[in-house]
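# Fold and geometry: a report
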Amino acid sequence: MVRGKSTLFTKALVRTPGRSLIHGLTSGKHGIPDFHRALVQHAEYINALRECGLEVLVLKEDEDHPDSTFIEDVALLTPPLAIVTNPGAPSRRGETEGMKEILAAYFESIEEICEPGTVEAGDIMMVGTHFYIGVSERTNKAGAAQVIGYLNKHGLSGSILTLEKVLHLKTGTAYLEHNNLVASGEFIEKPEFRQFNILRIERDEEYAANCIWINEKVLLPKGYPKSRKTVEAAGYEVIDVDVSEFRALDGGLSCLSLRF
Ligand code: GLY
């Protein structure tokens, strides 16, 4: 559904974390996650999605894939099509298994990224009908080119950005509709983002850049007061959610769901 230029979401897909979560990929900067606390935080995250008006579809845990709760990376969902990705991290490849079948209930058109292309959709940011794709350690140029080809087939467009420091594009930036772009670090001065009204996230709160717009509300990680003020001053209702256990695995709010 589209209101003005903003796509309103009606559903979200999430995956319950498994016990294997503690073996997920991590830069190791924030310790090891506590599984039980992660489960509580995941349930609170689902409540926040519901508060934004979404029907939440919950997939069961996948113990074979410790990072599988970061479901955003395995598919790009757009109104006319879904693209099942091919994650760049070898330990995450199998997370896409079964996704096509799950998405078939909601999307008529489903495409797939194939070798030599790799894509993790945390590297893709939707701005209306345009999609910015970060080429990163996980998403390569061949994968980005496949995404752009599929988007073009459906009347959408895409362009490539090179990332310098962050894991995924949306680790450091988030589009909040209405031309407002939350940006931290390397994204604050990015020439490709010059046309946006930049909501600057300070260095000591960089984690808060991974926030999500859902139907005029913004989910922000708990504990980042300056960022909260910045987003509120731009006119948004903020819901804060504690995702500290997922931060330990370099994941955040956007990574934990697929919104459509
Ligand atoms: N731990 C999330 C990732 O590295 O993909």
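Everything below is about the structure shown above.
Computed from a predicted structure; not experimentally measured. (Residues numbered from 1 in each chain as written. Predicted model: local features only at pLDDT ≥ 70, side-chain atom pairs only at ≥ 80, totals over all residues. Heavy atoms only, no water.)

## What about the nonpolar core?
Let me state the cut-off plainly: Throughout this description, the term nonpolar core refers to a set of buried Ala, Val, Leu, Ile, Met, Phe, Trp, Tyr and Cys residues connected via side-chain atoms within 4.5 Å. Think of it in three bands: with a 1.4 Å probe and only protein chains considered, a residue is buried below 20% of the maximum accessible area for its type, exposed above 50%, and partly exposed in between. In this text, helices come from DSSP runs of H or I with a minimum length of four residues, and strands from runs of E with a minimum of two, each type numbered from the N-terminal end.
Of all hydrophobic cores here, the largest spans 58 residues; its most connected members are Tyr45, Leu49, Val147, Leu176, Val182 and Leu219. Looking at this core, the elements with two or more residues in it are β3 (11-15), α1 (35-51), β8 (124-127), β9 (130-135), α3 (141-153), β14 (212-214), β15 (217-221) and β16 (237-241). Judged by nonpolar contacts, the second largest core, of 15 residues, contains Ala75, Leu103, Phe107 and Ile110.

## What about the state of the cysteines?
Rule in force here: Here, two cysteine sulfur atoms that lie within 2.5 Å of each other are counted as a disulfide.
Inspection of the entire model under this criterion finds zero disulfides. For Cys52, which is in no disulfide, the shortest distance to another cysteine sulfur is to Cys211 and amounts to 12 Å. For Cys52, a relative accessible area of 6% corresponds to the buried category.

## Considerations on the sheet that holds β16
As a reminder, the rule being used: A strand pair is defined by DSSP finding two or more bridges across the two strands. Between N-to-C directions, angles cover 0 to 180 degrees, with each direction set by a line fitted to C-alpha atoms, over the stretch in contact for helices. Here, two residues are considered to be in contact whenever any of their heavy atoms come within 4.5 Å of each other.
Here we have three strands laid out as an open sheet, ordered β14-β15-β16, and mixed in their pairing. Taken across any chain shown, the strands that pair with only one partner, and hence form the sheet edges, are β14 and β16. Here the average twist between neighbouring strands, direction ignored, is 30 degrees. In this sheet, β16 lies alongside β15 in parallel orientation, the contact comprising five bridges. Bridged to Val218 within β16 is Val238. Packed onto the sheet, α1 meets β14, β15 and β16 and runs at close to 165 degrees relative to β16.

## Some remarks on the pattern of salt bridges
Here is the rule: The salt bridge definition used is simple: a Lys or Arg side-chain nitrogen within 4 Å of an Asp or Glu carboxyl oxygen.
Summed over the entire model, instances satisfying the criterion amount to 14 salt bridges. Close ionic contact of Arg37 with Glu245 constitutes a salt bridge, the shortest N to O distance being 2.9 Å. You can see Arg37 sitting in helix α1 and its partner Glu245 sitting in helix α6 (residues 244-247), a full 208 residues away along the chain. We classify Arg37 as partly exposed; its relative accessible area is 48%. Linked through salt bridges whose partners overlap, the residues forming this network are Asp73, Arg92, Glu95, Glu120 and Arg138.

## A few points about the sheet that holds strand β17 (residues 258-259)
Strand order in this open sheet of three strands is β4-β3-β17, and the pairing throughout is mixed. Looking at which strands have only one partner, the edges of the open sheet turn out to be β4 (55-59) and β17. Here β3 pairs with β17 via two bridges, running antiparallel. Note that in β17 the partner of Leu13 across the bridge is Leu258. Sheet strands touched by α1: β3, β4 and β17. Its angle to β3, the strand with the most contacts, is close to 175 degrees.

## Focus on the environment of Glu95
Residue position: Glu95 is located in the loop between β6 (82-84) and α2 (99-103). Residue class for Glu95 comes out buried when judged on its relative accessible area of 4%. Taking the C-alpha atoms as reference, Glu95 lies 6.5 Å from His65; in sequence the two are 30 residues apart. Those residues in contact with Glu95 that sit more than four places away from it in its chain are His65, Asp67, Ser68, Phe70 and Val74.

## Remarks on the layout of surface pockets
Rules: Using a 1 Å grid laid over the protein atoms alone, points where a 1.4 Å probe fits but cannot get out form a cavity; open sets with protein on both sides within 12 Å along at least 5 of 7 lines form a pocket; any residue with an atom within 4 Å of a point counts as lining. Grid points are joined across faces, edges and corners, and a volume is the space filled by probe spheres set on the points. In the scheme used here, Gly and all other residues not listed as nonpolar or charged are polar, with Ala, Val, Leu, Ile, Met, Phe, Trp, Tyr, Cys and Pro taken as nonpolar and Asp, Glu, Lys and Arg as charged.
Computed from the structure, the largest pocket encloses a volume of approximately 1100 Å³. As for the largest pocket, its lining consists of 42 residues, of which Lys29, Lys165, Val166, Leu167 and Thr171 are closest to the centre. Top contributing element to the lining of the largest pocket by residue count: helix α4 (residues 169-172), with three residues. Its residues assigned to classes, the lining of the largest pocket shows 12 nonpolar, 12 polar and 18 charged.

## Considering empty space enclosed by the protein
Under the defined criterion, the tally for this structure stands at two cavities of 30 Å³ or more. In terms of lining residues, the largest cavity is bounded by 24 residues, among which Phe9, Glu72, Met126, Lys170 and Arg259 are the most central. Going through the elements one at a time, β5 (75-77), β8, β11 (173-175), β14 and β17 are the ones with two or more residues in the lining of the largest cavity. Residues belonging to the lining of the largest cavity are distributed by class as follows: 16 nonpolar, four polar and four charged. In terms of lining residues, the second largest cavity is bounded by Glu72, Gly122, His168, Lys170, Thr171, Asn210, Asp250, Ser254 and Cys255. Residues that form the lining of the second largest cavity fall into these classes: one nonpolar, five polar and three charged.

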